[in-house]
Amino acid sequence: MLRSIGPVSRFGRSFTAVTATAATLAVTAMSLVASPAAAAPTASPAAATTARPGDTCTAADLGTRKPYIKSTEVSPTITHFKGWFVTEGTTGNQVVTTSTQTVISVSVGVTGGLEGSFPVQTLTAAGATLGLSVKVDASSTSTESNAVTWNFNQPGYYGVYKGTKKVTGTYASLNCNRVQQSGGGWALKWIEGPGGGNFTTFTTVEEGAVRCQDSVPANSIMAKAQGLLDCGSPAAKAERPAGAVPPTAKQERDRLAQRQAATGGKVAGQPKAGGPGAKAGAPSAKADLSCGAELYRIGVPGKPLFWGAPHLRADSVRLRPSTIFSGNLDQWRLCNVTERDGVIEATLWNLGNQACATIPVQSAGADQAPLMMAAPCTEDDLQRFYIYRDVPGSSKIGVQNKYTGSMMGHDRYADGESVRQYSSGRQDGTGTYTLNRV
């Protein structure tokens, strides 16, 4: 249940609208709204993902986010392998069916999904950082054929393999927000926001055959395959019939280690961590809200459409004109407000239908899922939003769901258009809104 709205809280007082005088334009970091004086350029942002923390952004970037690659590691990895013995008279082209050595799956973040543009941009940025062509789709080395066709022109003991470069690393999410400068002024900068994590991908799969006596580049895919031959063992030097060679003890140990590494040491069938039910910080229900007395409209800059809550909670939040018939559905309170590093976090409570904005848990992982309403307000992270602000003097903002990391936006400017979540935001600036006190 919601508590009745009492006197203005210390957060509510800090959101008081400024006047148009020069003195009051020097608002504090907690002030959200101001006179609509132009304070920052609003050109459409570039779609490039090369932003770095501290780079300049524009008001059109407030509703977007970009990946920032913090670390990378490249590991030559054997995905398929088979020991193969070639005798005199059995040289020439042969088809060798290899066994799976390890499986590399493309993943980004906790859930590993590639829904939306942000995970794809993350992998693209990682590849660009390393100068490698990497997989940027939901693929796995297990989908590769395990057959290798090779021309064996000399007798000997071979390791027939398929392999690739496994690329792993960490990334951060960059958001555009106001930053106070050393001289006291303000500027819009890319800052490291919530939503970072780990990624895994791989390069083109290579195949080949290598012998113990072959000279190969160190730390190459071929060298990894040669290491699996266990060249120093008596078994590697023994004469045997042409064809497949049973795996050595070392090969068996290596395969077991690869499988354990791929599953984090878990046994087969044990559920993996991750997914909406396991994400840190969700849910954390609260029984009531502490809302400021101020009412706000969230609108499209310079245009007469605003976020309007639905009459029926089964419907989504939509762009609507503000009229005498709006029934307070276009008015919002900011509740349980906090601020960290200049970024506001709040619950968005609607006066008209007495409910809170949310991304439903069943569609949390879906790009372009519509913004809905929920009551009672449980205040889990699906009902919490980060608000990124333009410099003082402008009421422009960007809104991000805390749980999904996606930015709010809309496909087109039209009466009745749903407000939706986009994993990297709307790059054309349609994710930038205004927050104006009623």
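All values derive from a computational prediction rather than experimental measurement.

A.B. asks: Just checking my understanding: could you explain the overall build of the protein chain for this structure?
C.D. replies: Counting its regular elements, the protein chain contains five helices and 21 strands. Sorting the 438 residues of the protein chain into buried and exposed places 49% on the buried side. Expressed as a percentage of contacts within the protein chain between residues at least 6 apart in sequence, the contacts between residues at least 24 apart total 69%.

A.B. asks: Quick question: what am I supposed to make of the packing of aromatic side chains here?
C.D. replies: For any pair of aromatic rings, the description rests on two quantities: the centre-to-centre distance and the angle between the ring planes. Under the criterion given, the structure shown has four aromatic pairs. Arranged with centres 4.9 Å apart and planes meeting at 70°, the rings of Phe152 and Tyr158 form a pair that is edge-to-face. Comparing Phe152 with Tyr158, the two get one shared label, buried. When the ring of Trp307 is compared with that of Trp332, the centres are 6.3 Å apart and the planes differ by 85°; the resulting orientation is edge-to-face. Taken as a pair, Trp307 in strand E11 (residues 306-308) and Trp332 in strand E13 (residues 332-340) lie far apart in primary sequence, 25 residues in all. Since its relative accessible area comes to 1%, Trp332 is described here as buried. Put simply, the rings of Trp307, Trp332 and Tyr433 pair up and form one aromatic cluster. The ring of Tyr413 is capped by Lys303, whose NZ or CZ atom sits 4.6 Å from the centre of that ring. Across from the ring centre of Tyr422, 5.0 Å away, lies the NZ or CZ of Arg426, which sits over that ring.

A.B. asks: I would appreciate a short explanation of the environment of Lys224 in the present structure.
C.D. replies: With respect to the helices and strands, the residue Lys224 is situated in helix H3 (residues 221-228). Among the residues examined, Lys224 registers a relative accessible area of 37% and is labelled partly exposed. Discounting residues that sit within four places of it in the chain, Lys224 has contacts with Pro76, Ile78 and Asn219.

A.B. asks: Would you mind going over the state of the cysteines with me for this structure?
C.D. replies: Should the sulfur atoms of two cysteines be covalently bonded, the bond is a disulfide. Taken as a whole and assessed by the stated rule, the structure comprises four disulfides. Two residues share a disulfide in this structure: Cys291 and Cys335, whose sulfurs sit 2.0 Å from each other. An S-S torsion of about 95° defines the bridge between Cys291 and Cys335 as right-handed. With Cys291 in the loop between helix H5 (249-262) and strand E10 (296-299) and Cys335 in strand E13, the pair connects residues that are 44 residues apart, well separated along the chain. Of the two residues examined, Cys291 and Cys335, each falls in the buried class. At a sulfur-sulfur separation of 2.0 Å, the disulfide partner of Cys356 is Cys377. The chirality of the disulfide connecting Cys356 with Cys377 is right-handed, given an S-S dihedral of about 105°. Here the residue Cys356 occupies a position in strand E15 (residues 356-358), and Cys377 occupies one in the loop between strand E16 (372-374) and strand E17 (385-389), the gap between them amounting to 21 residues.

A.B. asks: Honestly, the pattern of salt bridges in this entry has me stumped. Any pointers?
C.D. replies: A side chain with one charge can pair with a side chain of the opposite charge if their charged atoms come near. This model, assessed by the stated rule, comprises 13 salt bridges. Here Arg211 and Asp214 are joined by a salt bridge, their closest N and O atoms 3.2 Å apart. Owing to a relative accessible area of 13%, Arg211 belongs among the buried residues under this scheme. Across the pair Arg389 and Glu339 runs a salt bridge whose closest N-O atoms are separated by 3.2 Å. Note that Arg389 is positioned in strand E17 and Glu339 in strand E13, a separation of 50 residues in sequence. For Arg389, a relative accessible area of 1% corresponds to the buried category.

A.B. asks: Would you take a moment to explain the nonpolar core for this structure?
C.D. replies: As a rule of thumb, soluble globular proteins bury nonpolar side chains together. Core analysis: the biggest nonpolar cluster contains 31 residues, and Trp307, Trp332 and Leu371 have the highest contact counts within it. Where this core is concerned, the elements lending two or more residues are E10, E13, strand E14 (343-350), E17, strand E18 (396-401) and strand E21 (433-437). Judged by nonpolar contacts, the second largest core, of 16 residues, contains Cys57, Leu174, Ile191 and Tyr386.

A.B. asks: I would appreciate a short explanation of the side chain of Thr347 in the present structure.
C.D. replies: Relative to the helices and strands, Thr347 resides in strand E14. Judged by its relative accessible area of 0%, Thr347 is buried. Within the structure, Thr347 has its side chain in polar contact with the side chain of Arg384 (distance 2.9 Å).

A.B. asks: Would you mind going over the pairing of strand E7 (residues 186-202) with me for this structure?
C.D. replies: Where a strand is regular, its side chains alternate between the two sheet faces. In this sheet, E7 lies alongside strand E4 (residues 107-108) in antiparallel orientation, the contact comprising two bridges. Counterpart to Val108 in the pairing with E7 is Phe199. Here strand E6 (residues 156-180) pairs with E7 via 14 bridges, running antiparallel. When the sheet's bridge partners are listed, Thr168 is paired in E7 with Thr200. Where E6 hands over to E7, the hairpin turn is made up of five residues, of which Gly184 adopts a positive phi near 100°.

Each value, and the rule that gives it
Residues numbered from 1 in each chain as written. Predicted model: local features only at pLDDT ≥ 70, side-chain atom pairs only at ≥ 80, totals over all residues. Heavy atoms only, no water. Helix = DSSP H or I, 4+ residues; strand = E, 2+ residues; numbered from the N terminus. Buried < 20%, exposed > 50% of the residue type's maximum accessible area, 1.4 Å probe, protein only. Contact = heavy atoms within 4.5 Å. Phe/Tyr/Trp six-rings, centres within 6.5 Å; stacked < 30°, edge-to-face > 60°. Lys NZ or Arg CZ within 6 Å of the ring centre and 35° of its normal. Disulfide = S-S within 2.5 Å. Salt bridge = Lys/Arg side-chain N within 4 Å of Asp/Glu carboxyl O. Core = buried A, V, L, I, M, F, W, Y, C linked by side-chain atoms within 4.5 Å. Polar contact = N/O pair within 3.5 Å; in protein donor to acceptor, adjacent residues only side chain to side chain. Pairing = 2+ DSSP bridges.

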